[in-house]
Amino acid sequence: MESQQKFLSFNLGIKDTAVISLQNITEVLQVSLVDICGVPQMPSCVLGAYNWRGEMLWLVDLEEMLGYPPLSHNANFLAKMMAIVLEDDGKCLGVLVRQMMDIEFLDNNQMKAPSAELFSSSISPFLQGYFLNCDERMMFNLDASAIIHSPLWNTHN
């Protein structure tokens, strides 16, 4: 079986890099804050609903969800935000990220298992593992399915 896979890499927090498999990405789009309809009684990382192709797409601040400071603390962020539309099992979720980086071609056999010592409890449930790039920096491999099906979304009605 082919172990090489394409991933979209993007910034997470000030210095971290994350990747998500392109297999789980439906679209990448630019979103304006005024087009997001806020919804009360939701976790603070949920920015609201967005009209995407005539469907309602929930938009989530991925950094805040994973335990980083909220993106809204960054003034530049509010001008234009990049949303990655994740899909799994017919469900879609938009995750907002600080900055897209590149398409990475990574070997799944090189992925290392996440350990509790390396990662906080807020990010661990959403990690498949991590890769080390050429200069030994970690790239977190996020689990799109775990993000989409997070219990966070079921706790509020």
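For the structure, see preceding data.
Quick caveat: nothing in here was measured; it's all calculated off a predicted structure.

Caption draft 1: View of the overall build of the chain. Counting secondary structure elements, the chain contains three helices and 11 strands. N-terminal to C-terminal, the α/β element order of the chain is β-β-β-β-β-β-α-α-β-β-β-β-β-α. Whereas a compact globule of 157 residues would reach a radius of gyration of roughly 15 Å, the chain reaches 15 Å, a difference of no more than 12%. By its C-alpha atoms, the chain is 40 × 30 × 30 Å across when sized along the principal axes. When the accessible surface of the chain is summed, it comes to about 8600 Å², and 50% of that surface belongs to carbon and sulfur atoms.

Caption draft 2: Geometry of the environment of tyrosine 130. Following the sequence through the fold, tyrosine 130 ends up in strand 10 (residues 127-132). A C-alpha to C-alpha distance of 11 Å links tyrosine 130 and isoleucine 20, two positions 110 residues apart in sequence. Discounting residues that sit within four places of it in the chain, tyrosine 130 has contacts with Gln110, Met111, Lys112, Ala113, Pro114, Leu118, Phe119, Met138, Met139, Phe140 and Asn141.

Caption draft 3: How the structure looks around the sheet that holds strand 7 (residues 81-88). Reading across the sheet, the six strands line up as 3-7-8-6-5-4 and stay open at both edges, with mixed pairing between neighbours. Here the strands that pair on one side only, and so sit at the sheet edges, are strand 3 (25-31) and strand 4 (36-37). Direction of pairing for strand 3 relative to strand 7: antiparallel, over a ladder of six bridges. Bridge pairing links glutamine 30 to methionine 82 in strand 7.

Caption draft 4: Representation of the nonpolar core. Formed by 30 residues in total, the largest nonpolar core has its most connected members in Phe10, Leu12, Leu62, Leu86, Leu142 and Ile147. A total of four residues in this core trace back to one element, the largest contributor, which is helix 3 (residues 144-148). If sequence neighbours within four positions are ignored, leucine 62 has contacts with Phe10, Leu12, Val95, Leu96, Val97, Leu142 and Ile147. One finds Tyr50, Ala83, Val85 and Leu96 within the second-largest nonpolar core, a separate group that totals 12 residues.

Caption draft 5: Expanded view of the side chain of serine 3. As for its placement among the helices and strands, serine 3 is situated in the segment before strand 1 (4-12). Classification of serine 3 as buried rests on a relative accessible area of 16%. Side-chain polar atoms of serine 3 contact the side chain of aspartate 107, separated by 2.7 Å. Contacts of serine 3, omitting those with residues within four sequence positions, involve Leu106, Asp107, Asn108 and Asn109.

Calculation notes
- Residues numbered from 1 in each chain as written.
- Predicted model: local features only at pLDDT ≥ 70, side-chain atom pairs only at ≥ 80, totals over all residues.
- Heavy atoms only, no water.
- Helix = DSSP H or I, 4+ residues; strand = E, 2+ residues; numbered from the N terminus.
- Rg over C-alpha atoms; globule rule 2.2 N^0.38 Å.
- Areas by Shrake-Rupley, 256 points an atom, 1.4 Å probe, with all protein chains shown as cover.
- Contact = heavy atoms within 4.5 Å.
- Pairing = 2+ DSSP bridges.
- Core = buried A, V, L, I, M, F, W, Y, C linked by side-chain atoms within 4.5 Å.
- Buried < 20%, exposed > 50% of the residue type's maximum accessible area, 1.4 Å probe, protein only.
- Polar contact = N/O pair within 3.5 Å; in protein donor to acceptor, adjacent residues only side chain to side chain.

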